[in-house]
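Understanding the architecture of this molecule
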Amino acid sequence: MRITRVTALYPNWKHLPAGAWQTHFWQIVVQVETDGGVTGLGYGGGGEPGCAVINRHLRELLVGRAIESIEDIRDTWDLLYAKSLPYGRKGIPIMALSGVDLALWDLLGKARDEPVYELLGGLRKPRVRAYATGDDMEHYRDMGYTANKFSPGRGGSDADLQQTVANATRSRQIFGSDGTIMTDCYMGWDGEATRRAAAAVSGLDVYWFEDVLSPDLLSEQAGLKEEIQPIRLAGGEHEFTRFGFADIARAGALDIWQPDITWCGGITEGLRILELAREHGAQVVPHRGGETWGLHFVAATDCDDLAESMPARWSPGSDELWLDEPRAVDGHLTPPDRPGFGVRLNEAMF
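Conventions adopted
Residues numbered from 1 in each chain as written. Predicted model: local features only at pLDDT ≥ 70, side-chain atom pairs only at ≥ 80, totals over all residues. Heavy atoms only, no water. Helix = DSSP H or I, 4+ residues; strand = E, 2+ residues; numbered from the N terminus. Rg over C-alpha atoms; globule rule 2.2 N^0.38 Å. Buried < 20%, exposed > 50% of the residue type's maximum accessible area, 1.4 Å probe, protein only. Pairing = 2+ DSSP bridges. Axes fitted to C-alpha atoms, helices over the stretch in contact; angles between N-to-C directions. Contact = heavy atoms within 4.5 Å. Parallel < 35°, antiparallel > 145°, perpendicular 65-115°, else oblique. Left-handed = near helix turned anticlockwise from the far one by under 90°. Salt bridge = Lys/Arg side-chain N within 4 Å of Asp/Glu carboxyl O. Phe/Tyr/Trp six-rings, centres within 6.5 Å; stacked < 30°, edge-to-face > 60°. Lys NZ or Arg CZ within 6 Å of the ring centre and 35° of its normal. Polar contact = N/O pair within 3.5 Å; in protein donor to acceptor, adjacent residues only side chain to side chain. Core = buried A, V, L, I, M, F, W, Y, C linked by side-chain atoms within 4.5 Å.

Some words on the overall build of the protein
- A count of helical and extended segments in the protein gives 11 helices and 14 strands.
- Here the C-alpha radius of gyration of the protein, 20 Å, is about what a compact globule of 350 residues would show, namely 20 Å.
- If one aligns the C-alpha atoms of the protein with their principal axes, the spans along those axes are about 60 × 40 × 35 Å.
- Among the 350 residues that make up the protein, the fraction classed as buried is 58%.

A few points about the sheet that holds strand 3 (residues 39-44)
- The strand order across the open sheet formed by three strands is 1-2-3, and the pairing between neighbours is antiparallel. Of all strands in the sheet, those bounded by a partner on one side alone are strand 1 (3-9) and strand 3. Pairs of neighbouring strands in the sheet enclose a mean axial angle of 15°, with direction left out of account.
- Taken together, the six bridges between strand 1 and strand 2 (residues 28-34) define a ladder with antiparallel strand orientation. Bridge pairing in strand 2 places Leu-9 opposite Val-29.
- Each of strand 1 and strand 2 touches helix 1 (residues 47-62); the most contacted strand, strand 1, lies at about 170° to it.

Quick notes on the packing of helix 7 (residues 191-200) against helix 8 (residues 218-227)
- In contact at an axis separation of 11 Å, helix 7 and helix 8 are set at 15° when each is read in the N-to-C sense. Here helix 7 is positioned roughly parallel relative to helix 8, judged by the angle of their axes. The two elements helix 7 and helix 8 cross, and the hand of that crossing is right-handed. Each of Gly-191, Thr-194 and Arg-195 in helix 7 lies in contact with helix 8, whose residues at this interface are Glu-220, Leu-224 and Glu-227.

Concerning the pairing of strand 3
- Most of strand 3 sits inside the fold, with five of its six residues counted as buried.
- Note that strand 2 and strand 3 share six bridges and pair antiparallel. Note on strand 3: the bridge partner recorded for Ile-28 is Gly-44.

A look at helix 9 (residues 241-251)
- Within the span of helix 9, buried status applies to Thr-241, Gly-244, Phe-245, Ala-246, Ile-248 and Ala-249.
- At its buried positions, helix 9 is contacted by helix 2 (70-83), helix 3 (92-112), helix 8, strand 9 (256-257) and helix 10 (266-280).
- Just beyond helix 9, the residue with positive phi is Gly-252, at close to 65°.

Describing the pattern of salt bridges
- For the coordinates displayed, the defined rule picks out 21 salt bridges.
- Glu-239 is paired through a salt bridge with Lys-90; the nearest N and O atoms lie 2.6 Å apart. Here Glu-239, found in the loop between strand 8 (232-235) and helix 9, pairs with Lys-90, found in the loop between helix 2 and helix 3; they are 149 residues apart in sequence, far enough to count as distant.
- For Glu-239, a relative accessible area of 9% translates into the label buried.
- For Arg-242, the salt bridge is made with Glu-269, and the minimal N-O distance between the two is 2.7 Å. Placement of the pair is Arg-242 in helix 9 and Glu-269 in helix 10, with a sequence separation of 27 residues.
- Each of the salt bridges in this network shares a partner with another, and the network as a whole consists of Asp-78, Arg-242, Glu-269 and Arg-272.

Side note on the packing of aromatic side chains
- Inspection of every chain in the model, using the stated rule, returns 11 aromatic pairs.
- Ring geometry for Tyr-43 against Trp-322: centres 5.4 Å apart, planes inclined by 80°, an arrangement best described as edge-to-face. Taken as a pair, Tyr-43 in strand 3 and Trp-322 in strand 12 (residues 322-323) lie far apart in primary sequence, 279 residues in all. Summarising the burial analysis for this pair, Tyr-43 and Trp-322 share the class buried.
- Across the ring face of Trp-77, the terminal group of Arg-272 is positioned such that the distance to the ring centre comes to 5.4 Å.
- The cationic tip of Arg-313 hangs over the ring face of Trp-314; the distance from NZ or CZ to the ring centre is 4.6 Å.

So, the side chain of Glu-291
- Checked against the element boundaries, Glu-291 lands in the loop between strand 10 (283-284) and helix 11 (292-300).
- For Glu-291, a relative accessible area of 6% puts it in the buried group.
- A distance of 3.0 Å separates polar atoms of two side chains, one belonging to Glu-291 and the other to Arg-288.

Let's talk about the nonpolar core
- Counting 101 residues, the largest nonpolar core has Ile-54, Trp-105, Phe-209, Trp-257, Ile-267 and Trp-322 as the members making the most contacts within it.
- Ranked by residues supplied to this core, first place goes to helix 3 with 11 residues.
- Among residues more than four places away in sequence, those in contact with Trp-322 are Val-29, Leu-41, Gly-42, Tyr-43, Trp-293, Val-343, Arg-344 and Leu-345.
- Judged by nonpolar contacts, the second largest core, of nine residues, contains Tyr-207, Trp-208, Ala-234 and Val-285.

A closer look at the environment of Gly-45
- With respect to the element layout, Gly-45 can be found in the loop between strand 3 and helix 1.
- We classify Gly-45 as buried; its relative accessible area is 0%.

Examining helix 11
- Of all nine residues in helix 11, nine are buried; the element is thus mostly enclosed.
- Within helix 11, the full set of buried residues consists of Thr-292, Trp-293, Gly-294, Leu-295, His-296, Phe-297, Val-298, Ala-299 and Ala-300.

The following block contains the structure:
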């Protein structure tokens, strides 16, 4: 089975849910066709620049390559990474490479008539517990979720702190003492804001603070990690490849690693990051792990039994790029029992 054609496309987003992020330099679709009539579909990042990386460089290296095994996918990843080193290593080139990698896993699964989770060794978690990201907490509870990632105050002012405490209190009240609650600061705090917030919510059993600082400030994050216990420090969605996560490991910067499978290098690199996490005793909860790309990975590995779900994505009238994507039922997600990643592309978005 040899690759005959590679195409990267940027979707024509028209009706995004409020606050959606896809319209920036983000999600792209990668199609890999073969002489066996099988086409793999992948989801990467980098927007139109990411498409250019694939269509004007990586495609030259891919056409003609044989894909018959996981080893072939791994060798292909290593080749693409090595050839893109002069302009790559992080950011848009790795986001683009992620889409190619996922398309190759989808391709191999379809060729073998197996879901990707079977390629990864089979299901360890037939149902994965989902957490709902957002602030429509009563709705999430009524949908069956038992975990919620709420919005904090985005800065370090007293008003921001009050907002963080108010949302944490509300989430705890709605999800009860057995619920899991956490928050995503999205690089909006500094060290002092983080310490103040940790003290202010100390009685609410917040599981983690996510992305409190710029991902470049590893030493400072390592210090904060110790200061805010028992709250855990999470992050990594903006880090790339095992090499980037090795820096996190050396610094001891995070309790919980959150690689995004569509950005960090795909499943091939996700497995290498997971192996590194085991060596350093870090937990792994992939960013956007409830989307089918991350869900297969979570369900088939020793990642934590927790996957991010964004119910707002399913708002009536919103764009639906991937058809047949799994949705949470009673607060849990089940990876599709179909070849590859088990989703179809909505051709109307191109």
